[in-house]
2 protein chains.
Amino acid sequence: MLHMKTAAVRIVCRAIFSLSVLITNLVAQTIQSPEVHSDRTVTFRLMAPLAQSVEVRLDDASGTKAITMAKDATGLWSVTSKPLTADVYSYSFKVDTLTVIDPNVHEFVPNHFEQGGLFTVPGSPAQPWEQTDVPHGEVHRRFYTSKIVGDQRDFYVYTPPGFNPKGKTKYPVLYLLHGYSDMADAWTMMGKANFILDNLIAQGKAKPMMVVMPLGYGAPKILETAWKGGDAGQWQHNMDRFVEILLAEAIPQIEQDYRVIRDRKSRAVAGLSMGGGEAFLAGLKHPDLFAWIAPMSAATFDDPDKVFPALDAKEAGQIKLLWIACGKEDGLLKDNRKFKAWLTSKNIKFTEVETDGAHTWQVWRSNLVELAPLLFR
Amino acid sequence: MLHMKTAAVRIVCRAIFSLSVLITNLVAQTIQSPEVHSDRTVTFRLMAPLAQSVEVRLDDASGTKAITMAKDATGLWSVTSKPLTADVYSYSFKVDTLTVIDPNVHEFVPNHFEQGGLFTVPGSPAQPWEQTDVPHGEVHRRFYTSKIVGDQRDFYVYTPPGFNPKGKTKYPVLYLLHGYSDMADAWTMMGKANFILDNLIAQGKAKPMMVVMPLGYGAPKILETAWKGGDAGQWQHNMDRFVEILLAEAIPQIEQDYRVIRDRKSRAVAGLSMGGGEAFLAGLKHPDLFAWIAPMSAATFDDPDKVFPALDAKEAGQIKLLWIACGKEDGLLKDNRKFKAWLTSKNIKFTEVETDGAHTWQVWRSNLVELAPLLFR
């Protein structure tokens, strides 16, 4: 049997070479980029013999940094970075005037405007957003026709490790909202929300919970509009409709299809940037639905009294956690501070979280790592 | 109430403009590409003032075609294609010597070696792979540690519309394997397997079934090896181990976690290219496990007697369908015909499906549209 197997495999392997011939053309020009080294430096390479200048545009916690590349005699441009903090990075190349994705990278930023490649610099020990050898939850992609918008849309649902649809355990739910220009998979692909929860749950730091990541556009045409210069009516329509969708379409689907606890104390709403503004809107207008509210780097409100006329200290007293995070280098920090001053003037309690970093995914991943352990306690 | 809401929304919209300022820089240089017109022509655009030549490399059913672009006074290169067949297309730009993804496209080819953008030319009526207003199944991404390979890996599971984990209905399962260089999500992102099944099930053409799409590498290092020139031992190891994983890790997980029928007549194995070779190996060596076998554009075997020593007309008589598809322009057609001649010499029945097209996703999507209705009858 062993002999037979070996012989068979030898033949298979010979046969497979016909496929390998077919493949050779595809891979002949492939080079390794990015190459992440064990000292946390990263080498970037690009074959571009005719280019006059090439640089890496690397997105770190503070924003985008340019790293100049050098060309060798074959036309291969390359550079090795200094050691990077263990994290997930997006980047692109600027080739003369053209911004391009590295033709050799395998992971991509899912975004309507900001294209890029992705790579991970692993930590030792592993960072909370890395896929490690712990029990994993699942990520479900769901599709439905939104009656409110009239479009076909998708959204993502994380079920925690050991989730058993036939079991008796019921879970609390974190509704986690993405930013403007993101796609529905931003919180899994960029935010690594599923791995963060896997790791925190395995370490006993977070309660097992579901995470629901809906598509955050109430009016998807906002994407085209911004592109052509922005339009006030569209922004209004977009935010307004999204909260309607969350309440009338997302929550009912989840509460019908999954074993979740249907109770305000078991519902959280968090989000980043536009999604942070949506988290404020959904949470502060509906504390009867959400006891946990966590906007990150949020879009805020010039005249909060008009946006939240019913909100006072008594109404807000129901809220178990109002956790407002923003990076100290974030362009929205000033607006966030203004909004927090308004909350204070109304005697509304909140937790202020000002971290290092700008309007970047490094900040939002770290936010989620800090936030998840606080929820549903 | 209506008045209050309108006022609130007006304020939100004013506030959100602070976010919009933050965003303006991101989108200022964004142009629309590709633009799919109602007459099924497609306009491609690229801003590259310093480039000497730019062309589109468009992947159609027959392979990759170059379309020359022209530059205007602003440095914007563009071209409008002739009307295309309604389908999903991948493409890249060749800028002088550099092959790049369109910086403005939103969907990407998930592949280790062949990067590209994706767009859909919709049909009228909709083609079977389009997301239409019918009940949708879900796509579950699962993660686990493979004991056989010793890595962290993912795979995808389609559950049909109305799938109820708490219900009594049990489903048959199609194991659907990707090709060399693909990632685990190839059959959903490129193959649109979930939408194809949604549409066929809605039309009553296919039986409701689950589709399981495992990562097809038994030895993931095969990806590095091929890249550096190919290695016989690695190819052998890769195919061998994958069939082990399918039988010992994928099928048991699925049959434990989902309501599926655990019966050879309710298991099918299909795949493309390398995955077609794996479908032959798994199916023809284990007709006790799979009654339905459907290799597409498959890698085949030089000496089938040695690979399948136990296979004869009696053994193969258990197989309800051996469906062997290959495009007439596919580089593997000749090998496929040789393998079919061997089956004929052994009196083993099969269905021969030779279609138009080459080694392309247009062919494989159409294959799945033809195959799914035949299964589990």
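Residues numbered from 1 in each chain as written. Chains lettered and ligands numbered in written order. Predicted model: local features only at pLDDT ≥ 70, side-chain atom pairs only at ≥ 80, totals over all residues. Heavy atoms only, no water.

Asks: Explanation requested: the packing of helix 3 (residues 193-202) of chain A against helix 10 (residues 361-371) of chain A in the structure shown.
Replies: In helix packing, the relevant descriptors are the interaxial angle and the interaxial distance, both defined with respect to the helix axes. All names here are of chain A. Two elements in contact, helix 3 and helix 10, have axes separated by 10 Å at closest approach and are oriented at 30 degrees. Overall, the two elements helix 3 and helix 10 adopt an arrangement that is roughly parallel. In the packing of helix 3 onto helix 10, the handedness of the crossing is right-handed. Side by side, helix 3 and helix 10 meet where Ala 193, Ile 196, Leu 197 and Leu 200 of the first sit next to Arg 365, Leu 368 and Val 369 of the second. (Axes fitted to C-alpha atoms, helices over the stretch in contact; angles between N-to-C directions. Helix = DSSP H or I, 4+ residues; strand = E, 2+ residues; numbered from the N terminus. Parallel < 35°, antiparallel > 145°, perpendicular 65-115°, else oblique. Left-handed = near helix turned anticlockwise from the far one by under 90°. Contact = heavy atoms within 4.5 Å.)

Asks: How should helix 6 (residues 274-285) of chain B be read in this particular structure?
Replies: For an α-helix the count is 3.6 residues per turn, leaving residues at separations of three or four pointing the same way. Counted at 1.5 Å a residue, the expected span for helix 6 of chain B with its 12 residues is 16 Å, and the 16 Å between its end C-alpha atoms agrees. For helix 6 of chain B, the full list of buried residues reads Met 274, Gly 275, Gly 276, Gly 277, Glu 278, Ala 279, Phe 280, Leu 281, Ala 282, Gly 283 and Leu 284 of chain B. (Expected span 1.5 Å × (residues − 1). Buried < 20%, exposed > 50% of the residue type's maximum accessible area, 1.4 Å probe, protein only.)

Asks: Even after reading the chapter, I still don't get the confidence of the model for chain A, so can you show me in this structure?
Replies: Any region with low pLDDT has predicted coordinates that should not be read closely. All names here are of chain A. Confidence along chain A averages 90 in pLDDT terms, with 89% of residues attaining 70 or more. Across residues 1-15, where pLDDT falls below 50, the model places 22 contacts with residues more than four positions away in sequence or in other chains. Confidence drops under pLDDT 50 across residues 24-29; counting only partners more than four residues distant or on other chains, this segment forms four contacts. Scored by ipTM, the complex comes to 0.90, with pTM at 0.92. (pLDDT = per-residue confidence, 0-100.)

Asks: Please explain helix 10 (residues 361-371) of chain B as it appears in this structure.
Replies: Of all 11 residues in helix 10 of chain B, nine are buried; the element is thus mostly enclosed. Along helix 10 of chain B, the residues that are buried comprise Trp 361, Gln 362, Val 363, Trp 364, Arg 365, Asn 367, Leu 368, Val 369 and Leu 371 of chain B.

Asks: Help me understand the pairing of strand 10 (residues 117-120) of chain B, please; the structure alone is not making it clear to me.
Replies: One face of the sheet, then the other: side chains in a regular strand alternate in exactly this way. Residues and elements named next belong to chain B. By the bridge criterion, four bridges tie strand 7 (residues 88-95) to strand 10 in an arrangement that is antiparallel. Residue Tyr 89 lies in a different strand from strand 10, and its bridge partner there is Phe 119. In the sheet, strand 9 (residues 107-108) pairs with strand 10 via two bridges, with the strands oriented antiparallel. Note on strand 10: the bridge partner recorded for Phe 108 is Gly 117. (Pairing = 2+ DSSP bridges.)

Asks: Sorry if this is basic, but what is going on with unusual backbone geometry here?
Replies: Trans peptide bonds make up most of the peptide bonds, and negative phi angles are found at most residues other than glycine. Geometrically, the link from Ser 33 of chain A to Pro 34 of chain A is a cis peptide bond, its omega value of -5 degrees lying close to zero. Along the polypeptide, Pro 34 of chain A turns up in the loop between helix 1 (2-27) and strand 1 (35-36). Cis peptide bonds are those with omega within 30 degrees of zero, and the linkage from Ser 124 of chain B to Pro 125 of chain B qualifies with 5 degrees. Position of Pro 125 of chain B among the secondary structure elements: in the loop between strand 10 and strand 11 (138-145).

Asks: Sorry if this is basic, but what is going on with the nonpolar core here?
Replies: What tends to happen in soluble globular proteins is that the nonpolar side chains get buried as a cluster. Judged by nonpolar contacts, the single largest core of 94 residues is most densely connected at Trp 187, Ile 254 and Phe 308 of chain A. If you tally residues by element for this core, the top one is helix 5 (residues 232-257) of chain A, at nine residues. Residues within four places of Trp 187 of chain A in sequence aside, it is in contact with Leu 176, Leu 177, His 178, Lys 192, Ala 193, Met 213, Leu 272, Met 296, Trp 361, Trp 364 and Leu 368 of chain A. Listed in part, the 93 residues of the second largest apolar core include Met 210, Ala 268, Ala 298 and Val 353 of chain B. (Core = buried A, V, L, I, M, F, W, Y, C linked by side-chain atoms within 4.5 Å.)

Asks: Would you mind showing me how to read the sheet that holds strand 6 (residues 76-80) of chain B here?
Replies: Sheet strands associate in pairs through backbone hydrogen bonding, adopting either a parallel or an antiparallel arrangement. Residue and element names in this part refer to chain B. Pairing is antiparallel across the open sheet formed by four strands, whose spatial order is 1-2-6-5. Two strands bound the open sheet, and with one partner strand each, they are strand 1 (35-36) and strand 5 (70-71). Judged from the two bridges that link them, strand 1 and strand 2 (residues 42-47) form a sheet pairing that is antiparallel. Bridge pairing links Glu 35 to Thr 43 in strand 2.

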